[in-house]
Amino acid sequence: MNNVLVAIGKRLFFLRNYSWGRTFLKGLAYPFILWFLFLSKMKGANYFAIKGSFTRKDWVFGLSDIDLVVIFPQSISTEKRQRATKRLQWWQGVFPFIGDIDYFRDEDFSLWQVLGGVKALQSRDWRWIGKTPQKRKYLYHPLKFRLNVIQELGFLHEWFEFNYFHSDQNEYRIQALSRVLKKILLNIDWLVGSKTFYPSMDEMDARYPFLWKKISSVQNNEQALQCYFLIGKSFYLEINFLLESIPKEIKAEFQVSMT
């Protein structure tokens, strides 16, 4: 099944060059999303959402995956929840373009919205299918936000390394590197005081015309690595100043939590 879907998908890549084609390709994803909605509801889930780039304009057919959220009632037993997640994970193997699936219980999700990291802040942009859970406001504090963004940057750096050193260096990997670099720049933009949360591609292009153009035109590993170091060099002073402002005790605890 995987090979068949990949082969069909590759034949449709040319449609990404047209506005109507991108809309059509995005529409093809909904039957698979609805299948996971059906499965999660059959397994007792209360809420179901789409998250990530699929809810925005930067989702790219054949490159971006589809990330989902499943929320179970607080009363669900551990055994039943494990059986449900195991079944959904099996179907993820059938449809590899279904990426991360985040699982929560009601009360855990409510608390996570308040105390979670950058991804909790992004949850306000999720697209709920069916009922919507009670929304709570992200607990903002300048220091907490900086630590959350730095933690997200740590994950993005690991993802950059994974794609950079991957043995299968094809067009997909190069596009993935470019995409990760854009996310790194976006997170650094928040860290140094951006007034726009999740700015559009046009906003980022206008704010960092040289960097954004370089990242968008990456064609091989060497160019990706050059952009990686160029971003670090461009924001070295600002990031170093912010890191120095973090109390040593908190910095030490935070470093331990990331190792």
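Residues numbered from 1 in each chain as written. Predicted model: local features only at pLDDT ≥ 70, side-chain atom pairs only at ≥ 80, totals over all residues. Heavy atoms only, no water.

## What about helix 2 (residues 19-27)?
Convention followed: Relative accessible area decides the class of each residue, using a 1.4 Å probe on protein chains only: under 20% of the type maximum gives buried, over 50% gives exposed, and in between gives partly exposed. Under the DSSP-based scheme used, a helix requires at least four consecutive residues in state H or I and a strand at least two consecutive residues in state E, with every element numbered from the N terminus. The arc in question is formed by the directions pointing from the helix axis toward the C-beta atoms. Should any heavy atoms of two residues lie within 4.5 Å, those residues are considered in contact.
When we look at burial in helix 2, the residues that qualify are G21, L25 and K26. Taken around the axis of helix 2, the buried residues stretch over an arc of 135 degrees, which confines them to a single face. For helix 2, the exposed residues lying more than 90 degrees away from the buried face are S19, W20 and T23. For helix 2, the secondary structure elements touched by its buried residues are helix 3 (30-42).

## Considerations on the pattern of salt bridges
Stated formally: Should a side-chain nitrogen of Lys or Arg be within 4 Å of a carboxyl oxygen of Asp or Glu, the pair is scored as a salt bridge.
Scanning the entire structure with this criterion turns up three salt bridges. When the shortest N-O distance is used, the salt bridge between E152 and K119 registers 2.9 Å. Placement of the pair is E152 in helix 7 (residues 142-164) and K119 in helix 6 (residues 118-122), with a sequence separation of 33 residues. Classification of E152 as buried rests on a relative accessible area of 14%. The exposure class of K119 is partly exposed, given its relative accessible area of 33%. When the shortest N-O distance is used, the salt bridge between D189 and R207 registers 2.5 Å. One end of the pair, D189, is in helix 8 (residues 171-191); the other, R207, is in helix 9 (residues 201-207), and 18 residues separate them in sequence.

## Focus on the sheet that holds strand 1 (residues 47-51)
What counts is decided by this rule: When DSSP finds at least two bridges between two strands, those strands are taken to pair. Each axis is a line fitted through C-alpha atoms, and for a helix only the stretch in contact is used; angles between axes span 0 to 180 degrees, taken between their N-to-C directions.
Read across the open sheet, the four strands follow the order 3-2-1-4; overall the sheet is mixed. Lying at the two open borders of the sheet, with one neighbouring strand each, are strand 3 (98-105) and strand 4 (127-128). Relative to strand 4, strand 1 runs antiparallel, the two being bridged by two bridges. For A49, the partnering residue across the bridge sits in strand 4 and is W128. Lying over the sheet, helix 4 (residues 78-94) contacts strand 2 (66-72) and strand 3, oriented at roughly 170 degrees with respect to strand 3. Its contacts with the sheet place helix 5 (residues 106-115) against strand 1, strand 2, strand 3 and strand 4, and it is angled at close to 105 degrees to strand 3.

## Focus on the side chain of S53
Tracing the sequence through the fold places S53 in the loop between strand 1 and strand 2. Apart from residues no more than four positions distant in its own chain, S53 is found in contact with D58, W59, S64, D65 and R179.

## Considerations on the packing of helix 10 (residues 209-216) against helix 11 (residues 221-234)
As a reminder, the rule being used: Should an angle fall under 35 degrees it is called roughly parallel, over 145 degrees roughly antiparallel, and 65 to 115 degrees roughly perpendicular, with every other angle called oblique. In this scheme the handedness of a crossing depends on how the near helix is turned from the far one: anticlockwise by less than a right angle means left-handed, clockwise means right-handed.
Where helix 10 contacts helix 11, the two axes come as close as 10 Å, and the packing angle between them is 165 degrees. Considered as vectors, helix 10 and helix 11 are oriented roughly antiparallel to each other. Two packed elements cross with a definite hand, and for helix 10 against helix 11 that hand is left-handed. Between helix 10 and helix 11, the residues in contact are F210, L211, K214 and I215 and C227, L230, I231 and S234, respectively.

## Concerning the nonpolar core
Definition in use: In plain words, nonpolar cores are sets of buried Ala, Val, Leu, Ile, Met, Phe, Trp, Tyr and Cys residues tied together by side-chain atoms within 4.5 Å.
Judged by nonpolar contacts, the single largest core of 32 residues is most densely connected at V149, F160, L181, I184, L185, I231 and F235. Secondary-structure elements contributing two or more residues to this core are helix 6, helix 7, helix 8, helix 10 and helix 11. Of the residues forming this core, the biggest block, 10 residues, is contributed by helix 8. The residues touching L185, leaving out its near neighbours within four places in the chain, are M204, Y208, L211, W212, I215, I231 and F235. One finds V70, V94, F95 and I98 within the second-largest nonpolar core, a separate group that totals 25 residues.

## Quick word on a positive patch on the surface
Applicable threshold: For patch building, the residue pool is restricted to those with more than 30% relative accessible area and no salt bridge; the joining distance is 9 Å between like charges and 5 Å between nonpolar side chains (Val, Leu, Ile, Met, Phe, Trp, Tyr). Surface exposure here means Shrake-Rupley accessible area, sampled with a 1.4 Å probe, where a residue is shielded only by the protein chains that are shown. Residues counted as positive are Lys and Arg, residues counted as negative are Asp and Glu, and His and the chain ends are not counted. By convention, charge coordinates are those of NZ in Lys, CZ in Arg, CG in Asp, or CD in Glu.
Residues K43, K80, R83, K86 and R87 make up a contiguous surface patch of positive charge. By relative accessible area, which is 39% here, R87 ends up partly exposed.

## Quick word on the packing of aromatic side chains
For clarity, the cut-off: Each Phe, Tyr or Trp ring, with Trp reduced to its six-membered ring, pairs with another whose centre is within 6.5 Å; inter-plane angles below 30 degrees give stacked pairs, above 60 give edge-to-face pairs, and intermediate values give tilted ones.
Tallied over the full model, the rule gives 27 aromatic pairs. On the numbers, 5.5 Å between centres and 25 degrees between planes, the contact of W35 with F38 is stacked. Note that W35 and F38 are positioned in helix 3 at a spacing of three residues, about one turn of the helix. A relative accessible area of 32% means that W35 is categorised as partly exposed. Here F38 falls in the partly exposed class, since its relative accessible area comes to 41%.

## What to know about the environment of S234
Turning to its location among the elements, S234 is positioned in helix 11. The spacing of S234 and L211 is 23 residues in sequence and 9.2 Å in space, taken between C-alpha atoms.

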